[in-house]
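Residue-level structure breakdown
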Amino acid sequence: MAAAGNQGIPKWERKMRIFLCVFGLVLSVYALHVELSRERNPDYRAMCDLGESVSCSKVFTSRWGRGFGLVQFFVAKDNPLNQPNSLLGIIFYTLQMGLGLSLSKKAALLLVFSSWVSVAGSLYLAAILAFVLGDFCMVCVSTYIINFALFFTNLKRRRAIEGMKEKAG
Ligand SMILES: C/C(=C\C[C@@]12O[C@]1(C)C(=O)c1ccccc1C2=O)CCC[C@H](C)CCC[C@H](C)CCCC(C)C
């Protein structure tokens, strides 16, 4: 295939995916770091705390910062199942990176599916951020943009793979 690079994955897609996943991982690790630091020390000021209503650590340590604020309806607040959202983010971007290396149809389907979940999660968190917390969190908004971009990358990948299989079959 002429346009295909290494392993048949178009070069732009490899680059785009690596860029988005690394960026998402850095933001998630940073969010986790801020959340844990703030929980340990209430006086901690993060780089992304620019003002009263532009404060990321306020958002991360809110009740919606763990298990999307939903897990605590089912288990105790300090249950090990109630993990920070940013930890889920780390798992998600690692998964997107890992599955992105595979060209199988199953992997493509899983990528699109998990991406759907992340877009839904982003819309939910964005609504909480805007309407409940009334805060502007740059780290959060950046992850929403990354999740949308990854979603379109995954949709395009699935179409490309289906096209390939049709020609081959
Ligand atoms: C840093 C990050 C999101 C930022 C943030 O979540 C933070 C930290 C938070 O505390 C918060 C509080 C209140 C309002 C908004 C927010 C957020 O904005 C990363 C998540 C990315 C994405 C939303 C995760 C989606 C993961 C999927 C649920 C996984 C599905 C995969 C499975 C099918 C395997």
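Residues numbered from 1 in each chain as written. Predicted model: local features only at pLDDT ≥ 70, side-chain atom pairs only at ≥ 80, totals over all residues. Heavy atoms only, no water.

The next point concerns the overall build of the protein. Regarding its fold elements, the protein presents 5 helices and 0 strands. In the protein, the succession of helices and strands from N to C terminus is α-α-α-α-α. A principal-axis box enclosing the C-alpha atoms of the protein has dimensions of 60 × 35 × 25 Å. Going through the 169 residues of the protein one by one, you find that 38% of them count as buried. (Helix = DSSP H or I, 4+ residues; strand = E, 2+ residues; numbered from the N terminus. Buried < 20%, exposed > 50% of the residue type's maximum accessible area, 1.4 Å probe, protein only.)

Right, let's talk about the packing of helix α1 (residues 11-40) against helix α3 (residues 85-100) for a bit. Running from N to C, α1 and α3 cross one another at 160°; their axes reach a closest spacing of 8 Å. Relative to α3, the element α1 lies roughly antiparallel. Where α1 crosses over α3, the handedness of that crossing is left-handed. Residue-level inspection shows Arg17, Ile18, Cys21, Val22, Gly24, Leu25, Ser28, Val29, Ala31, Leu32 and Glu35 of α1 in contact with α3, the latter providing Ser86, Leu87, Gly89, Ile90, Tyr93, Thr94, Gln96, Met97 and Gly100. A breakdown of the residues in the contact of α1 with α3 according to their chemical character gives 11 nonpolar, 7 polar and 2 charged. (Axes fitted to C-alpha atoms, helices over the stretch in contact; angles between N-to-C directions. Parallel < 35°, antiparallel > 145°, perpendicular 65-115°, else oblique. Left-handed = near helix turned anticlockwise from the far one by under 90°. Contact = heavy atoms within 4.5 Å. Nonpolar A, V, L, I, M, F, W, Y, C, P; charged D, E, K, R; others polar.)

Before going further, it helps to examine the site of the ligand. Surveying the vicinity of the ligand reveals 17 residues, the closest of which are Val59, Gly65, Asn85, Cys140 and Tyr144. A distance of 3.2 Å separates an oxygen atom of the ligand from a polar atom in the side chain of Asn85. When the free accessible area of the ligand is taken as 790 Å², the share hidden by the protein chains comes to 88%. Listing elements by their share of the shell around the ligand, those giving two or more residues are α2 (56-60), α3, α4 (105-133) and α5 (138-168). Residues belonging to the shell around the ligand are distributed by class as follows: 10 nonpolar, 7 polar and no charged. (Near = heavy atom within 4 Å. Polar contact = N/O pair within 3.5 Å; in protein donor to acceptor, adjacent residues only side chain to side chain. Areas by Shrake-Rupley, 256 points an atom, 1.4 Å probe, with all protein chains shown as cover.)

This part takes up the UniProt feature "transmembrane region" (unreviewed entry) in the protein. Using the residue numbers shown here, the UniProt feature "transmembrane region" (unreviewed entry) corresponds to residues 86-103, 110-130 and 136-155. End-to-end, the C-alpha atoms of residues 136-155 are 29 Å apart, and along that stretch the chain is 90% helix and 0% strand. (UniProt positions renumbered as here; feature names shortened; annotations may be inferred.)

Let's shift gears to α3. Between its first and last C-alpha atoms α3 spans 22 Å; for 16 residues at 1.5 Å apiece the expected length is 22 Å, and the two agree. Taken residue by residue, α3 has Asn85, Ser86, Gly89, Ile90, Phe92, Tyr93, Gln96, Leu99 and Gly100 as its buried positions. (Expected span 1.5 Å × (residues − 1).)

The phi dihedral of Phe68 falls on the positive side, at around 60°, and the residue is not glycine. By the secondary structure assignment, Phe68 is in the loop between α2 and α3.

Counted by the stated rule, this structure contains 2 disulfides. With a sulfur-sulfur separation of 1.9 Å, Cys48 is cross-linked through a disulfide to Cys56. Between Cys48 and Cys56 the disulfide shows an S-S torsion of about 70°. By sign, it is right-handed. Assigned by exposure class, Cys48 and Cys56 land together as buried. Across the disulfide, Cys137 is cross-linked to Cys140 (sulfur-sulfur distance 2.2 Å). Between Cys137 and Cys140, the S-S dihedral sits near 75°, and the bridge is therefore right-handed. (Disulfide = S-S within 2.5 Å.)

Quick look at the side chain of Asn85 now. Looking at where Asn85 falls in the secondary structure, it is placed in helix α3. On the accessibility criterion, Asn85 (15% relative accessible area) is buried. With residues up to four places along the chain from it excluded, the contact list for Asn85 reads Trp64, Gly65, Arg66, Gly67, Phe68 and Leu125.

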